[in-house]
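Breakdown of the fold
Each chain, letter by letter, is given below.
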Amino acid sequence: QVQLVESGGGLVQPGGSLRLSCSASVQSFSSYVMGWFRQAPGKERETVGVAWSSGLKWYVESMKGRFTISRDNAKNMVYLQMNSLKPEDTAVYYCAADRDSNKLRRGQADYWGQGAEVTVSS
């Protein structure tokens, strides 16, 4: 069983930055691929990217450049650094965990956090 808790969401002005954190309660954190996803109001959930414990990362093409995923395996943490935020980045951001990276990249996962709301507005 994996429990995920996101934090760090909030209101940020356009052009600003925000870092989301996701804490994982699991004994074998390194055996899980971690992903970040988001769901904007009235839209389907979309994948931001995933990170393997090895340090390898993969991002959806549209997310490259402004979003960076990192993980600290010693602390069971995964982070999403978001820069140059735009109003269209407003969404609930979720972290998720799965042992299957292909499944995760398709937007599916065995374990999900409750989400962190990010609002980009002046």
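So, here is what we can say about the structure in this document. Everything quoted here is computed from the prediction, not taken from an experiment. (Residues numbered from 1 in each chain as written. Predicted model: local features only at pLDDT ≥ 70, side-chain atom pairs only at ≥ 80, totals over all residues. Heavy atoms only, no water.)

Let's talk about the state of the cysteines
- Under the counting rule described, the total for this entry stands at 1 disulfide.
- Through a disulfide, Cys 22 is tied to Cys 95; the S-S separation comes to 1.9 Å. Judged by the sign of its S-S torsion, about 50°, the bond between Cys 22 and Cys 95 is right-handed. Highlighted residues: Cys 22 in strand S3 (residues 18-25) and Cys 95 in strand S9 (residues 91-98), separated in sequence by 73 residues. By the burial criterion, Cys 22 is buried, and Cys 95 matches it. (Disulfide = S-S within 2.5 Å. Helix = DSSP H or I, 4+ residues; strand = E, 2+ residues; numbered from the N terminus. Buried < 20%, exposed > 50% of the residue type's maximum accessible area, 1.4 Å probe, protein only.)

Digging into the environment of Gly 65
- Mapped onto the fold, Gly 65 is located in the loop between strand S6 (57-59) and strand S7 (67-72).
- On the accessibility criterion, Gly 65 (74% relative accessible area) is exposed.
- The spacing of Gly 65 and Ser 84 is 19 residues in sequence and 9.6 Å in space, taken between C-alpha atoms.

Section: the pairing of S9
- In terms of residue burial, S9 counts as a mostly covered element, since 7 of its 8 residues are buried.
- In the sheet, S9 pairs with strand S11 (residues 116-120) via 3 bridges, with the strands oriented antiparallel. Bridge pairing links Val 92 to Glu 117 in S11.
- As paired strands, S9 and strand S10 (residues 111-112) are joined by 2 bridges and run antiparallel to one another. Among the inter-strand pairings, Ala 96 is bridged to a residue of S10, identified as Trp 112. (Pairing = 2+ DSSP bridges.)

Quick notes on the sheet that holds S3
- Here we have 4 strands laid out as an open sheet, ordered S1-S3-S8-S7, and antiparallel in their pairing. Two strands close off the open sheet at either side, each with one partner strand: strand S1 (3-7) and S7. Sheet twist, expressed as the mean angle between neighbouring strand axes with direction ignored, is 20°. (Axes fitted to C-alpha atoms, helices over the stretch in contact; angles between N-to-C directions.)

Remarks on the pairing of S7
- The side-chain alternation of S7 yields one buried face, formed by Phe 67, Ile 69 and Arg 71, and one unburied face, formed by Thr 68, Ser 70 and Asp 72.
- Bridge analysis of S7 against strand S8 (residues 77-82) gives 6 bridges, and the strand direction is antiparallel. Bridging across to S8, Ser 70 finds its partner in Tyr 79.
- Turn length for the S7-S8 hairpin, with the two strands adjacent in sequence and antiparallel, is 4 residues, and the turn residue Asn 76 shows positive phi of about 55°.

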